[in-house]
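What follows is the residue order along each chain.
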There are 2 protein chains.
Amino acid sequence: MNLKELSQELGLSQTTVSRALNGYPEVSEATRNRVRLAADKYGYHPNARAKGLATGQSMAIGHVIAKSTSHEMVNPIFGDFISGASEVYAQHGYDMVLSIVNDSDEATAYSNLKAKGTVDGIILHGPHLDDPRIAHLKSLDLPFLVHGRASHEVGDYAWVDVNNRRAFMRATAFLLDLGHRRIALINGLESMDFATRRRDGYLGALQARGIAPDPALMRSAEMTELYGYGSAREMLGWNAPPTAFVVSSMISALGVRRAIEERGLKLGRDISVITHDDDLSYLQNGGEVPIFTATRSSVRLAGRRAATHLLDLIAHPEKPLAHELLEAELMVGQSTGPAPA
Amino acid sequence: MNLKELSQELGLSQTTVSRALNGYPEVSEATRNRVRLAADKYGYHPNARAKGLATGQSMAIGHVIAKSTSHEMVNPIFGDFISGASEVYAQHGYDMVLSIVNDSDEATAYSNLKAKGTVDGIILHGPHLDDPRIAHLKSLDLPFLVHGRASHEVGDYAWVDVNNRRAFMRATAFLLDLGHRRIALINGLESMDFATRRRDGYLGALQARGIAPDPALMRSAEMTELYGYGSAREMLGWNAPPTAFVVSSMISALGVRRAIEERGLKLGRDISVITHDDDLSYLQNGGEVPIFTATRSSVRLAGRRAATHLLDLIAHPEKPLAHELLEAELMVGQSTGPAPA
DNA sequence: AATCATTTCCAAAGCGCTTTGAAGGTCTGT
DNA sequence: ACAGACCTTCAAAGCGCTTTGGAAATGATT
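Only a predicted model underlies this, so the values are computations on that prediction, with no experimental measurement involved.

What counts and how
As a convention, each chain's residues are numbered from 1 in the sequence order in which they are written. Chains carry letters and ligands carry numbers; both start at the beginning, A for chains and 1 for ligands, and go up in the order they are written. Where totals are concerned, whole chains, interfaces and linings use all residues; where local detail is concerned, this predicted model gives features only for residues with pLDDT of at least 70, and gives and counts side-chain atom pairs only at 80 or more. To get the side-chain values, all heavy atoms of the structure are used, and hydrogens and water are removed first. What makes a residue near a molecule or strand is one non-hydrogen atom of that residue sitting within 4 Å of it. Pairing of N or O atoms within 3.5 Å defines a polar contact, subject to two protein rules: one partner must be a possible hydrogen donor and the other a possible acceptor, and residues neighboring in sequence count only if both atoms are side-chain atoms. Strands qualify as paired when DSSP identifies two bridges or more between them. Secondary structure elements are defined from DSSP: runs of H or I of at least 4 residues count as helices, runs of E of at least 2 residues count as strands, and each element is numbered from the N terminus. Orientation is described by axes fitted as lines to C-alpha atoms, over the contacting stretch for helices, and by angles from 0 to 180 degrees between their N-to-C directions. What makes two residues a contact is simply this: any of their non-hydrogen atoms within 4.5 Å. Only Asp, Glu, Lys and Arg are considered charged, only Ala, Val, Leu, Ile, Met, Phe, Trp, Tyr, Cys and Pro nonpolar, and every remaining residue, Gly among them, polar. A pair of aromatic rings is counted whenever rings of Phe, Tyr or Trp (Trp by its six-membered ring) have centres within 6.5 Å, and the orientation is called stacked for planes under 30 degrees apart, edge-to-face for over 60 and tilted otherwise. Two conditions define a charge located above a ring, namely a distance within 6 Å from the ring centre to NZ of Lys or CZ of Arg, and an angle within 35 degrees of the ring normal. The fit set for superposing copies consists of C-alpha atoms from residues with pLDDT of at least 70 in both; the fit itself is least squares. Exposure classes here rest on a 1.4 Å probe applied to the protein chains alone. A residue is buried below 20% of its type maximum, exposed above 50%, and partly exposed in between.

Engineer: Hey, could you run me through the protein's contact with DNA strand D in this one?
Structural biologist: Lining the immediate surroundings of DNA strand D are 27 residues, of which A:Leu3, A:Ser18, A:Arg19, A:Tyr24 and B:Ser13 lie closest. Taken together, the sugar and phosphate atoms account for 57% of what DNA strand D places within 4 Å of the protein. Between DNA strand D and the protein, one listed contact pairs a phosphate oxygen with a backbone N or O atom of A:Leu3 at 2.4 Å. Here B:Arg19 contributes a side-chain N or O atom positioned 3.1 Å from a base nitrogen of DNA strand D.

In structure tokens form, the structure reads like this:
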């Protein structure tokens, strides 16, 4: 069933039917209702391609996620982020198109999306400190928003980010307040912007108390369970082991906990752990009292906010670019306690 | 830059340029090269909507994932699955469009995709035992493929699945061979088809040895870490605790391990665990010797296979529907050992 | 009853591409 | 030199929608 058939069925012109359905004022309410009813009855939905061709819009947002052949990892937070974003898209009639590209092809991927007109806007994931993609997207004249920030990028661009620096500063200060002095940082890859900010927060808190950071206590890698386990296991074997850990992800924190328990130590008594918790749907941090003390910030919410801002940017390109900094909550759980004497 | 402009630039008709670019034989190689060069030079890519409108194809595949308001969970395997699928799509010039829908709206979501012509085919995720979506999709005359199967569905449909029954049969038999007699099953939600098959495999192995299953040892729920932990913790407190666990996901297995170690027991000596391992990129099962003995089957591979079959189905609708059953490998790791005397 | 302003509707052009049916050019064989 | 056969190219229609410019119908005003 297409517009032509539907309008014939109704004895109206295509124009009128189209206007009735799209809410234009030039058509009477009586006709509009008649049209709506018929559209429902025949299950009419305008063909998206034809509509897009006529309007110049695709009603779709692109999410390009880069995958290097070296580390083929799809970030585990991705599922929750797009779940949040897609809620918003659905409300506004937008589709979501996903491209997973080798990072070497990423530039051309964006150009193609633009040239082919597949999408009306793009959300950029996982920005690095110095991310050429941002300049490239700007030059394409395609609305985009960054999930995270790129510290070295000078120009303006729309973003939604978590206040990673403050979160990790607070987490570290919280441990310092509990008397901990040797605090390890199990961070994500520090080529990623978010990880650098977290380290800054950690260092800032130490500095505020006049404590010199120990480089041996700072690790940076892809955030797997094994990485958390291996790092903690090694550090706990030292003569002067850390008494607390600040960890960048729940998954790695699970590994840290394993190393702690394997040594016969008790989490929250012998060793304290604070982790960042993205509030992933399949990795809930316990019940009433969270297992881990954590800096929590829902990545699903970030997805919703990012989508909202991007759609707004598309609708109102003249408005100033959105910058939203989400604050993480510091949730006290069972994994922290005073430093052992 | 569009076709019209490009052809004017070249002094050719739109027809010739279009044919040259699409590899039709009616155009000389000399002209074709000239056209290709110019297209490259101007970065010309045909507008996807216009092309789609003309050809009747959208060159996109839809992945609809249902999200009930009760359990808002995005399956953690999803990221890896689509990562695999998108590799194949990219090779064939297809885009991937994602819709995350409330399960109540799922039927209309499919109808809309069909009516709007957004996609040329659909991959169905997470089939239940008795899944009305399959019949519905059939009635829509839209090519589709199911990741998994629906045991109660009688009609034919294309699918790619893991041999869950055999995997869990082998896992259970492996433990039985090691002398274990009280083996717990920490399964996924048994309304899901895959979980039912896994239970069947587990029961089949017990039955083959004439061992009566103990319903108390069988659990079924959403596969979180906490669920694994809670189940194992409780069972290990019993008078007659299980000596081994068969677990449906790595994440839950991490929880089981936690409960074991918390009790001061040693994994692989006091208690054995076999888990199913989807080979997720961010949850690697250890290094040379895996941490967990596991039935491993790469969900990324499943994504690749599913995409391949679906594209094939779209290109050759007359061919018989694809049914591919992937076998899981039984990888021996450090989490299993002979039953304690 | 004639005029004008509204309201309601429509025919047709256009979005950028593919593809049909046909025409102009070039080459063979006689 | 000419018909026939091919190779190469093109104009125009059509995909399903939106939207412009305009016309018909209705109602209000003189």
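Engineer: Explain the sheet that holds strand β5 (residues 158–162) of chain B to me, please; I cannot follow it from the model alone.
Structural biologist: The pairing of strands in a sheet happens through backbone hydrogen bonds and is either parallel or antiparallel. On the basis of which strands lie adjacent, the open sheet formed by 12 strands has the order β11(A)-β5(A)-β4(A)-β3(A)-β1(A)-β2(A)-β2(B)-β1(B)-β3(B)-β4(B)-β5(B)-β11(B) and mixed pairing. Each edge of the sheet is formed by a strand with only one pairing partner; in this case those strands are β11 (323–326) of chain A together with β11 (323–326) of chain B. On average, adjacent strands in this sheet sit at an angle of 20° to one another, irrespective of strand direction. Note: strand β4 (residues 144–147) of chain B against β5(B), 3 bridges, orientation parallel. Among the inter-strand pairings, B:Leu145 is bridged to a residue of β5(B), identified as B:Ala158. Contacting β1 (60–67), β2 (95–102), β3 (121–124) and β4 (144–147) of chain A together with β1 (60–67) and β2 (95–102) of chain B, helix α5 (residues 78–91) of chain A crosses the sheet at an angle of about 170° to β1(A). The sheet strands contacting helix α5 (residues 78–91) of chain B are β1 and β2 of chain A together with β1, β2, β3 (121–124) and β4 of chain B, and the helix crosses β1(B) at an angle near 170°.

Engineer: Even after reading the chapter, I still don't get the protein's contact with DNA strand C, so can you show me in this structure?
Structural biologist: Of all residues adjacent to DNA strand C, which total 26 residues, the nearest are A:Ser13, B:Leu3, B:Ser18, B:Arg19 and B:Tyr24. At the protein interface, 58% of the atoms of DNA strand C within 4 Å belong to sugar or phosphate. Contributing elements (two or more residues each) for the surface near DNA strand C: α2 (14–21) and α4 (48–55) of chain A together with α2 (14–21) and α4 (48–55) of chain B. Here the surface near DNA strand C is composed, by residue class, of 10 nonpolar, 13 polar and 3 charged.

Engineer: I keep staring at the packing of aromatic side chains and nothing clicks. Help me out?
Structural biologist: Residues and elements named next belong to chain B. By the definition in use, this model includes 0 aromatic pairs over all chains. Over the ring of Trp-159 we find Arg-149; its NZ or CZ atom is 4.5 Å from the centre of that ring. It is Arg-258 that lies over the ring of Tyr-229; its NZ or CZ is 3.7 Å from the centre.

Engineer: I keep staring at the relation of the copies chain A and chain B and nothing clicks. Help me out?
Structural biologist: Mapping one chain copy onto the other needs a rotation about an axis and a shift along that axis. In screw terms, the move from chain A to chain B is a rotation of 180° and a rise of 0.1 Å along the axis, fitting with an RMSD of 0.1 Å. Taken together, the rotation and translation describe the operation of a two-fold axis. When C-alpha distances to the rotation axis are compared across chain A, the minimum falls at A:Val97, with a value of 2.2 Å. Of the interface residues in chain A, 100% have counterparts in chain B that sit at the interface too, so the contact is made through matching surfaces.

Engineer: Honestly, the pairing of strand β5 (residues 158–162) of chain A in this entry has me stumped. Any pointers?
Structural biologist: Put simply, side chains in a regular strand alternate between the two faces of the sheet. Residue and element names in this part refer to chain A. For β5, a buried count of 5 out of 5 residues is recorded, marking the element as mostly surrounded by other parts of the structure. Burial along β5 is two-sided: the residues Ala-158, Val-160 and Val-162 and Trp-159 and Asp-161 are all buried. Relative to β11, β5 is paired through 4 bridges, and the arrangement is parallel. Bridging from a neighbouring strand, Val-160 pairs with Glu-324 of β11.

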